[in-house]
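Per-entry structural report
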Amino acid sequence: MVYLYIAVIIALAVIEGRPLIRNKKWAELAVFSFLIIAGAAVIIMDNLAFEPYRVSYIIDFIFRPYTSFIKNVLSSF
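This report concerns the structure included in the present document. (Residues numbered from 1 in each chain as written. Predicted model: local features only at pLDDT ≥ 70, side-chain atom pairs only at ≥ 80, totals over all residues. Heavy atoms only, no water.)

Scanning the protein for helices and strands turns up three helices and zero strands. In sequence order, the protein lays out its α and β elements as α-α-α. Taking 2.2 N^0.38 as the reference for a compact globule, 77 residues should give roughly 11 Å; the C-alpha atoms of the protein span a radius of gyration of 19 Å, well beyond that estimate. Here the protein displays about 6,800 Å² of accessible surface, and carbon together with sulfur accounts for 73% of that area. The average position of the 7 basic charges and that of the 5 acidic charges among the side chains of the protein differ by 9 Å. (Helix = DSSP H or I, 4+ residues; strand = E, 2+ residues; numbered from the N terminus. Rg over C-alpha atoms; globule rule 2.2 N^0.38 Å. Areas by Shrake-Rupley, 256 points an atom, 1.4 Å probe, with all protein chains shown as cover. Lys, Arg positive; Asp, Glu negative; His and termini not counted. Charge placed at Lys NZ, Arg CZ, Asp CG, Glu CD.)

Here's what the structure looks like:
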């Protein structure tokens, strides 16, 4: 199953990356490649039963005090 995911990711990367190569947008291609590789790494780790690091944990840690404060203020009315 992991091989199927990798094949699909590579196929989509080739389809989406071809205009970047054709127009010689190397900076955009580098960022696009980094995001594809990072996403593929998370998918592979998730399928191999490792616990991938989730960015949402950091976002939740930062914004939880704000959202709970707003929720308490709005529910007090």
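Now for the packing of aromatic side chains. For any pair of aromatic rings, geometry is given as the distance between the ring centres together with the angle between the planes. Taken as a whole, this structure holds one aromatic pair when the rule is applied. Between F63 and Y66 the ring centres are 6.3 Å apart and the planes differ by 55°, which places this aromatic pair in the tilted class. One end of the pair, F63, and the other, Y66, are both in helix α3 (residues 55–75), three residues apart, so they sit about a helical turn from each other. (Phe/Tyr/Trp six-rings, centres within 6.5 Å; stacked < 30°, edge-to-face > 60°.)

Here we come to the pattern of salt bridges. This model, assessed by the stated rule, comprises one salt bridge. D60 is the partner of R64 in a salt bridge, and the nearest nitrogen-oxygen pair spans 2.9 Å. Here R64 and its partner D60 are both found in helix α3, four residues apart, which amounts to about one turn of the helix. Looking at D60, the relative accessible area reads 36%, which means it is partly exposed. (Salt bridge = Lys/Arg side-chain N within 4 Å of Asp/Glu carboxyl O. Buried < 20%, exposed > 50% of the residue type's maximum accessible area, 1.4 Å probe, protein only.)

This paragraph deals with the environment of I44. Within the fold, I44 resides in helix α2 (residues 26–47). Taking the C-alpha atoms as reference, I44 lies 13 Å from I10; in sequence the two are 34 residues apart. Other than its neighbours up to four places away in sequence, I44 contacts V2 and I6. (Contact = heavy atoms within 4.5 Å.)

What follows covers the packing of helix α1 (residues 2–22) against α2. Two numbers describe how α1 lies on α2: the axes approach to 11 Å, and their chain directions differ by 170°. For the element pair α1 / α2, the angle class is roughly antiparallel. From α1, V2, Y5, I6, I9, A13, E16, G17, L20 and I21 reach across to α2, where they touch W26, E28, L29, F32, I36, A40, I43, I44 and N47. (Axes fitted to C-alpha atoms, helices over the stretch in contact; angles between N-to-C directions. Parallel < 35°, antiparallel > 145°, perpendicular 65-115°, else oblique.)

The terminal C-alpha atoms of α1 lie 30 Å apart, and with 21 residues this matches the ideal 30 Å at 1.5 Å per residue to within 8%. Taking the largest bend as the criterion, α1 deviates by roughly 35°, centred on E16, and proline P19 comes between one and four positions later. Regarding α1, the residues found buried are I9, A13, G17 and L20. (Expected span 1.5 Å × (residues − 1). Bend = angle between axes of the 7 residues up to and from the residue.)

Just geometry here; none of it tells us what the structure is for.
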